[in-house]
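# Chains, contacts and geometry: an overview
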Amino acid sequence: MNQEPISVVFEDEQCLVVNKPVNLIVHHSYYARNIEETSLTDLIRVQGWENASPVHRLDRKTSGLLLFAKESKWVAEFQSLFEKDEIEKKYLALLRGFVDAEGIIDSPVKNDRGNYKEAKTIFRCLEQFERDYIIPPYEKQRYSLVEMIPVTGRMHQLRIHANKMAHPIINDPKYGNRHHNHYFQEELGIHELFLHAYSLRFQQPFSGELIDLQVDLPEFWSVFLNGV
């Protein structure tokens, strides 16, 4: 696998935060049992952090900031930040249609066992776009750049919630709009999911330091944002 070195955004004695590329699994698990490829965790360990373990997860198709503990014995301490709602993750997503200025999606999400779990997402529209893309029955298309903050952390939560408010994320193969996905892939040459974990903020449980990080959007976003 020809993979560029993983970008490390922050590092201290107990943890590191990396910028996960798109289309890369975080680690091999039951859910990724059919994916035979190098994982983000494998790559981080090859880069010198031999005992690094992810504290949380991002979908394979989602890019952005991910927290690792340098030793497995420290994982629980960092995971407790999520349990106590003491860590804030913010995402940027490109959604189909014009989204309201802001709002809250409070709608249960089904987990892998088929059970519904409470799920809440805060969203805020940052910018709206109109493009001359011919996708029948319309000759112009509307999109929104939206900041999404998951209050809970269910699997595929943001992707499901975007779908539930009738503004699916572009290039989401499971919950998206196939006509818009096809246009982006075939006409614009963009196959990646427009969902990026751009901000991570927490208090380091060992040092007490406030860690407040942001990371730029992946390069493929510029094809759309620059008005193609």
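The coordinates are above.
Each chain carries its own residue numbering, running from 1 in the written order of its sequence. Per-residue local features are limited, in this predicted model, to residues with pLDDT of at least 70; the limit for side-chain atom pairs, both in listing and counting, is 80 or more; totals at the level of whole chains, interfaces and linings are taken over all residues. Each side-chain value is derived from all of the structure's non-hydrogen atoms; neither hydrogens nor water enter the calculation.

### A look at the nonpolar core
Nonpolar cores are built from buried Ala, Val, Leu, Ile, Met, Phe, Trp, Tyr and Cys residues. Side-chain atoms within 4.5 Å join them into one set. Partly exposed residues are those whose accessible area sits between 20% and 50% of the maximum for their type, while under 20% is buried and over 50% is exposed, using a 1.4 Å probe and protein chains only. If you look at the biggest cluster of nonpolar residues, it comprises 45 residues, and the most contacted ones within it are Ile 44, Leu 94, Phe 184 and Phe 194. In this structure, Cys 15, Val 55, Ile 211 and Val 215 belong to the second largest nonpolar core, which totals 17 residues.

### Describing the pattern of salt bridges
A side chain with one charge can pair with a side chain of the opposite charge if their charged atoms come near. Should a side-chain nitrogen of Lys or Arg be within 4 Å of a carboxyl oxygen of Asp or Glu, the pair is scored as a salt bridge. Per the stated rule, a full pass over the model turns up ten salt bridges. The partner of Glu 11 in a salt bridge is Lys 70, and the shortest N-O contact between them spans 2.6 Å. Taken together, the residues span a long stretch of sequence, with Glu 11 in strand E1 (residues 7-11) and Lys 70 in the loop between strand E4 (63-69) and helix H2 (75-83) at a distance of 59 residues. For Glu 11, a relative accessible area of 42% corresponds to the partly exposed category. A residue is classified by how much of its surface remains accessible, and Lys 70, at 16% relative accessible area, is buried. Between Lys 140 and Asp 132 there is a salt bridge; the shortest N-O distance is 2.4 Å. The partly exposed category is assigned to Lys 140, whose relative accessible area is 46%. Looking at Asp 132, the relative accessible area reads 56%, which means it is exposed. Here the residues in one salt-bridge network are Asp 59, Arg 159 and Asp 172, joined through shared partners. Think of it this way: any DSSP run of H or I at least four residues long counts as a helix, any run of E at least two long counts as a strand, and we number them from the N terminus.

### Regarding a nonpolar patch on the surface
Patch criteria: residues need more than 30% relative accessible area and no salt bridge. Like-charged residues are merged within 9 Å; nonpolar side chains of Val, Leu, Ile, Met, Phe, Trp and Tyr are merged within 5 Å. Here, Shrake-Rupley sampling with a 1.4 Å probe gives the accessible areas, and only protein chains in the shown set may cover a residue. On the surface, a cluster of nonpolar side chains totalling about 240 Å² of accessible area is made up of Ile 104, Ile 122 and Val 151. Along the chain, the position of Ile 104 falls in strand E6 (residues 102-106). Judged by relative accessible area, Ile 104 falls into the exposed class, the value being 55%.

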